[in-house]
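Spelled out, the chains give:
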Amino acid sequence: MKSIFLLVFLLCFAFQSIAQVSLPERYHTYAEIIAELDSLQIVYPDYVFVDSIGVTKTDSIPIWAVKLSDNAAIDEDEAAVLYVGQCHAEEVLGVEITMYMINEILNHMYQNPYAIWLSELEIWFIPTINPEGLQVVMDDWDISFRKTKRDNNYNGIFDFEPGPGDDIDGVDPNRNYSYNWVHGDTLYDQGGEERYDYYRGPYPFSEGGTTAIKELAEEQNFLYSINWHSSRTGNFSEKVFYSWEWDGVKRPPDFDYNKIIGETVAGLIETEDGTGYYEPSPSRGRKGNAQDWFYAKHGTVQLLIECGTENLQPNAALVDDTCERCKLGAYWLMNRALGYQTDASLLTGHITDAGTGLPIVAEVYIDDHDVIYLEPRRSDEIYGRYWRLLSPGTYSVTYRKKGYKDTTLTNVTINNSGWTIKNIALEPLQEITVTGSIHNNGSPI
Ligand SMILES: [Zn+2]
């Protein structure tokens, strides 16, 4: 009998020890995320579309995205926004913010602005792009794990060290995008010092999560996006980063636009201590991160928001409080995309073949805004729809595609009051055949 009491005591003690390092129940496990998304899709089949957009590289765990929109299963001709909850494993607050937003939008679907967003936008959420890292955290293996589980030393074992850093395996998903990936951290620096925690991966998009994002972004042409993070050191807590300012001077051509978006979102999110608001800042790192890639490749204004404080995994009440405050910045982006109760300031329209009337993929070129280090901005394949986020002003816009005559519109006026819409039909060039022969010193070659 005595030994049973001892056993019970030891078991209680063991559970208590585990409970001390566990995250509160409030946090979603991977299984709970899927179960909740699936049940929402059953309740709201017309408004919720759940889709697996890839798998993790090491454990082959599906990465789930959910789209909220009317006719959710169809890719409609609507502006799209993207909210990514988590890429760094320990930064679990972002998972909660995305799940919170999903539930709140659906719970209020007949009220404005929620109804307008669902009707006119395609709202994408990815609660986690790093489910294998999330499991390391939620299963209490290491609640301060950061990366994916890539087997860097090929020993067939997941090598990690509980506590921040020093994890031999894994890739930092926010160093794994192709844009400036080359400047990211290698496994070892030149002195042989290990830099595991920020390892960029063996090649760009080596990880399942980043590949999934890349493919979704190529399909969707997102206007605005947020990537939620939290700052372990607290040095970057409660900040909103936009693209970019390198070496204190190097700014992209849309810097002023990105800045307004970053500043407005930051100004809507109150700090945890209630003394002020989140601080906007241009991003200064140049190491394969998501937000610079989104802007450079797709013209998407993606903000990296470091939510919460250095208390990365706060209690349930503080989770809800953080979601309540952060959602206000996130929601404003949807109003901004539509110009609903706020400024819009963008150029959009459809590009078609003047002969067939069918949509075409064509470049939308704007002097001083299209520079060599940015990908040309193009219309999409399905609808020929293009989007350009532009500050108010007057622009000269050239629409062009190989095999078509260029069309230039001068004096296109963009203003804050709403979308500027220009639909363009490009004239196909006449096909001609050129024949002849080529000679060198009288002999054909
Ligand atoms: Zn992070």
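Residues numbered from 1 in each chain as written. Predicted model: local features only at pLDDT ≥ 70, side-chain atom pairs only at ≥ 80, totals over all residues. Heavy atoms only, no water.

Read from one edge to the other, the open sheet built from three strands follows the order E10-E12-E13, with strand pairing classed as antiparallel. In this open sheet, the two strands that pair with only one neighbour each are strand E10 (363-366) and strand E13 (407-414). Between one strand axis and the next, the sheet turns through 30° on average, direction left out of account. Examined bridge by bridge, E10 and strand E12 (residues 393-400) share four bridges and lie antiparallel to one another. Note that in E12 the partner of glutamate 363 across the bridge is arginine 400. (Pairing = 2+ DSSP bridges. Helix = DSSP H or I, 4+ residues; strand = E, 2+ residues; numbered from the N terminus. Axes fitted to C-alpha atoms, helices over the stretch in contact; angles between N-to-C directions.)

Moving on, we get to the domain arrangement of the protein. Split into domains, the protein comes out as domain 1 (18-338) and domain 2 (346-426). The interface of domain 1 with domain 2 comprises 23 residues on the first partner and 19 residues on the second. Here domain 1 is connected to domain 2 by two salt bridges. With a closest N to O distance of 3.0 Å, arginine 385 and aspartate 77 form a salt bridge. Inspection of the domain 1/domain 2 interface yields nine residue pairs in polar contact (both at pLDDT 80 or more). (Domains from an automatic or database assignment. Contact = heavy atoms within 4.5 Å. Salt bridge = Lys/Arg side-chain N within 4 Å of Asp/Glu carboxyl O. Polar contact = N/O pair within 3.5 Å; in protein donor to acceptor, adjacent residues only side chain to side chain.)

Attention shifts here to the coordination of the zinc ion. Looking at the metal site, the zinc ion is ligated by His88 (ND1), Glu91 (OE), Glu91 (OE) and His229 (ND1), spaced 2.0 to 2.6 Å from it. Angles of 54 to 155° at the metal separate the four donor atoms of the zinc ion, which places the site in the irregular class. Counting residues between consecutive donors of the zinc ion along the chain gives the motif H-x2-E-x137-H. Within this pair, whereas histidine 88 is found in the loop between strand E3 (79-84) and helix H3 (93-107), its partner histidine 229 is found in strand E5 (residues 224-229), the two being separated by 141 residues in sequence. For the pair formed by histidine 88 and histidine 229, the shared burial category is buried. (Donors = N, O, S within 2.8 Å, 3.2 Å for Na, K, Ca; no water. Tetrahedral: all angles 85-135°; square planar, octahedral: opposite > 155°, others 65-115°. Buried < 20%, exposed > 50% of the residue type's maximum accessible area, 1.4 Å probe, protein only.)

At a minimum axis distance of 11 Å, the contact between helix H6 (residues 208-220) and helix H8 (residues 290-298) shows a crossing angle of 30°. In the packing of H6 onto H8, the handedness of the crossing is right-handed. Taken together, the residues of H8 that come into contact with H6 (itself represented by Ile213, Lys214, Ala217 and Glu218) are Trp293, Phe294 and His298. A class-by-class count of the residues in the contact of H6 with H8 yields four nonpolar, one polar and two charged. (Left-handed = near helix turned anticlockwise from the far one by under 90°. Nonpolar A, V, L, I, M, F, W, Y, C, P; charged D, E, K, R; others polar.)

This next bit is on the packing of H3 against helix H9 (residues 316-338). For any two helices packed against each other, the geometry is given by the interaxial angle and the distance between the axes. Two elements in contact, H3 and H9, have axes whose closest approach is 9 Å; the angle formed by their N-to-C orientations is 65°. Here H3 lies roughly perpendicular to H9, going by the angle between them. The interaxial crossing formed by H3 with H9 has right-handed handedness. Judged by residue contacts, Leu93, Glu96, Ile97, Tyr100, Met101, Glu104 and Ile105 of H3 engage Val319, Asp320, Thr322, Cys323, Glu324, Cys326, Lys327, Ala330, Tyr331 and Met334 from H9. Among the residues making up the contact of H3 with H9, the classes are represented as 11 nonpolar, one polar and five charged. (Parallel < 35°, antiparallel > 145°, perpendicular 65-115°, else oblique.)

Residue position: isoleucine 53 is located in strand E1 (residues 48-55). Separated by 155 residues in the primary sequence, isoleucine 53 and glycine 208 have C-alpha atoms spaced 9.4 Å apart. Excluding anything up to four places from it in sequence, isoleucine 53 contacts Ile63, Ala65, Ile126, Ala212 and Leu216.

Before going further, it helps to spend a moment on the environment of isoleucine 129. Take isoleucine 129: it is sitting in the loop between strand E4 (121-126) and helix H5 (131-138). Along the primary structure isoleucine 129 and glutamate 207 are separated by 78 residues, whereas in three dimensions their C-alpha atoms are 9.6 Å apart. Aside from chain neighbours lying at most four places away, what touches isoleucine 129 is Ile63, Val84, Gln86, Cys87, Pro173, Tyr177, Gly209, Thr210 and Ile213.

The next point concerns the packing of aromatic side chains. Per the counting criterion, the structure on display carries 20 aromatic pairs. Ring geometry for tryptophan 117 against tyrosine 331: centres 4.9 Å apart, planes inclined by 45°, an arrangement best described as tilted. Placement of tryptophan 117 in helix H4 (residues 114-120) and of tyrosine 331 in helix H9 is noted, with a sequence separation of 214 residues between them. For the pair shown, tryptophan 117 and tyrosine 331 are each scored as buried. Here tryptophan 141 and phenylalanine 158 contribute two aromatic rings whose centre-to-centre distance is 6.1 Å and whose plane-to-plane angle is 35°, an arrangement assigned as tilted. Of the two residues, tryptophan 141 is situated in the loop between H5 and H6 and phenylalanine 158 in the loop between H5 and H6; the sequence distance between them amounts to 17 residues. Take phenylalanine 158: its relative accessible area is 17%, and that puts it in the buried class. An aromatic cluster is defined as three or more aromatic residues linked by ring pairs; in this entry it consists of Tyr179, Trp244, Trp246, Tyr295 and Tyr373. Arginine 200 extends its terminal NZ or CZ atom over the ring of tryptophan 181, reaching a point 4.0 Å from the ring centre. Between arginine 377 and the ring centre of tyrosine 295, over which it is positioned, the NZ or CZ distance is 5.5 Å. (Phe/Tyr/Trp six-rings, centres within 6.5 Å; stacked < 30°, edge-to-face > 60°. Lys NZ or Arg CZ within 6 Å of the ring centre and 35° of its normal.)

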